[in-house]
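As a plain string of letters, each chain reads:
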Amino acid sequence: MSTKNNQPDWDKIAEKFDVWLPHIAPVGEELLAALEAKPGDRIIDLASGTGEPALTLARRLKGHANILGIDAADGMVRVAQAKVTKERLPGISFQCMPAEQLVFNDNSFDRALCRFGVMLFTDPLQGLKEMRRVLKPGGRFALAVWSTPETMPTMHWSYEVFSKRLPEDQHPPLAKITSLGAPGLLEDLLNTAGFSSFSVVRKTFDYQFKSFDDYWDTVEASDILKQQYDALPQNERGKIRDEVGRFARDFIHDGQLRIPHEYLVAAGGK
Ligand SMILES: C[S@@+](CC[C@H](N)C(=O)[O-])C[C@H]1O[C@@H](n2cnc3c(N)ncnc32)[C@H](O)[C@@H]1O
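Since we're looking at a predicted model, the values are computed, not measured. (Residues numbered from 1 in each chain as written. Predicted model: local features only at pLDDT ≥ 70, side-chain atom pairs only at ≥ 80, totals over all residues.)

Undergrad: Just checking my understanding: could you explain the site of the ligand for this structure?
TA: Close to the ligand lie 18 residues, the nearest being Ala-47, Gly-49, Ala-72, Ala-73 and Arg-115. Split by residue class, the shell around the ligand holds 10 nonpolar, four polar and four charged. (Near = placed C-beta within 6 Å. Nonpolar A, V, L, I, M, F, W, Y, C, P; charged D, E, K, R; others polar.)

Rendered as structure tokens:
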């Protein structure tokens with residue numbers, strides 16, 4: 001399985017990413033509970049994408065938010081910042097910046113947050129070192145990464161149907177997305193980054209869709225597999241939906257599609 005970082009072009013799909021937000025909201029709730037942020041805390045959200053879970057936290061902290069989201073993709077940052085402007089949310093802003101090179105002083109944040117970002121970093125260890133560097137002594141972090149390939153059915157289905165049709169350098173990035181999911185890996189990385197006090201817990205949530213059509217509409221609307229689609233010969237494109245649909249059959253209960261996905265929550269202090 002390729003470990004090449006052929007992740008989606010986040011800049012190009014930024015306007016479409018939000019179709020996933022309701023589906024991954026339960027993971028945001030877990031992180032916010034583990035983060036234990038207080039009004040007035042200075043908080044950084046790494047790889048903040050189109051703004052979650054930072055925006056949810058800002059709404060809850062009302063006028064007491066002091067949150068900065070950073071993301072390497074300018075398009076994602078623009079979408080996040082537009083939400084701040086539209087809602088006139090105080091105390092939160094977004095900047096374009098790689099997690100591996102934060103421009104902030106040492107010991108400058110009380111809390112650090114990151115949902116489904118670390119495993120996508122070009123250099124996850126450097127990103128975690130930076131997260132630790134900018135945290136104040138006594139500060140807390142909470143982050144989530146995806147678990148192993150077999151516990152991530154939707155991504156696994158896509159991998160199966162595309163990878164047999166495409167050269168390795170165009171496969172869906174299953175290996176990268178699940179690169180920190182195996183037992184012990186995230187713990188080792190956090191230790192190497194200098195963290196000594198933390199827990200890593202495996203959790204499951206369900207992607208829930210009204211039907212397979214509903215799921216497939218979401219996949220298409222998000223353009224998350226656009227690179228792979230565009231790389232397919234025309235006569236192969238129409239077969240993808242039906243093949244994925246066959247995998248999905250096992251997950252239809254009472255007419256609804258419920259697909260369990262495993263992820264890891266790491267939380268701790270500096
Ligand atoms: C799956 S999205 C998650 C976005 C958001 N945290 C959420 O949960 O909705 C992954 C994000 O990681 C960002 N990303 C990837 N590599 C990065 C890096 N090295 N530094 C900062 N952000 C990065 C991408 O641009 C993308 O917005």
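Back to the write-up after that little detour.
Undergrad: Can you help me understand the nonpolar core in this one?
TA: One broad trend across soluble globular proteins is that nonpolar side chains are buried collectively. Judged by nonpolar contacts, the single largest core of 51 residues is most densely connected at Ala-58, Ala-112 and Val-145. Core analysis: the next-biggest nonpolar cluster, separate from the first, contains eight residues, Ala-73, Met-76, Ala-80 and Phe-94 among them. (Core = buried A, V, L, I, M, F, W, Y, C linked by C-beta atoms within 7 Å. Buried ≥ 20, exposed ≤ 12 C-beta atoms within 10 Å, placed from the backbone.)

Undergrad: Which parts of the structure should I look at to understand the pairing of strand β1 (residues 43-46)?
TA: Side-chain positions along a regular strand alternate between the two faces of the sheet. The alternating pattern of β1 places Ile-43 and Asp-45 on one face and Ile-44 and Leu-46 on the opposite face, and all of these are buried. Summarising the sheet, β1 and strand β2 (residues 67-71) pair through four bridges and their orientation is parallel. Its bridge partner lying in β2, Ile-44 is registered against Leu-68. Sheet topology note: the β1/strand β4 (residues 109-115) ladder contains three bridges and is parallel. Bridging from a neighbouring strand, Asp-45 pairs with Leu-113 of β4. (Helix = DSSP H or I, 4+ residues; strand = E, 2+ residues; numbered from the N terminus. Pairing = 2+ DSSP bridges.)

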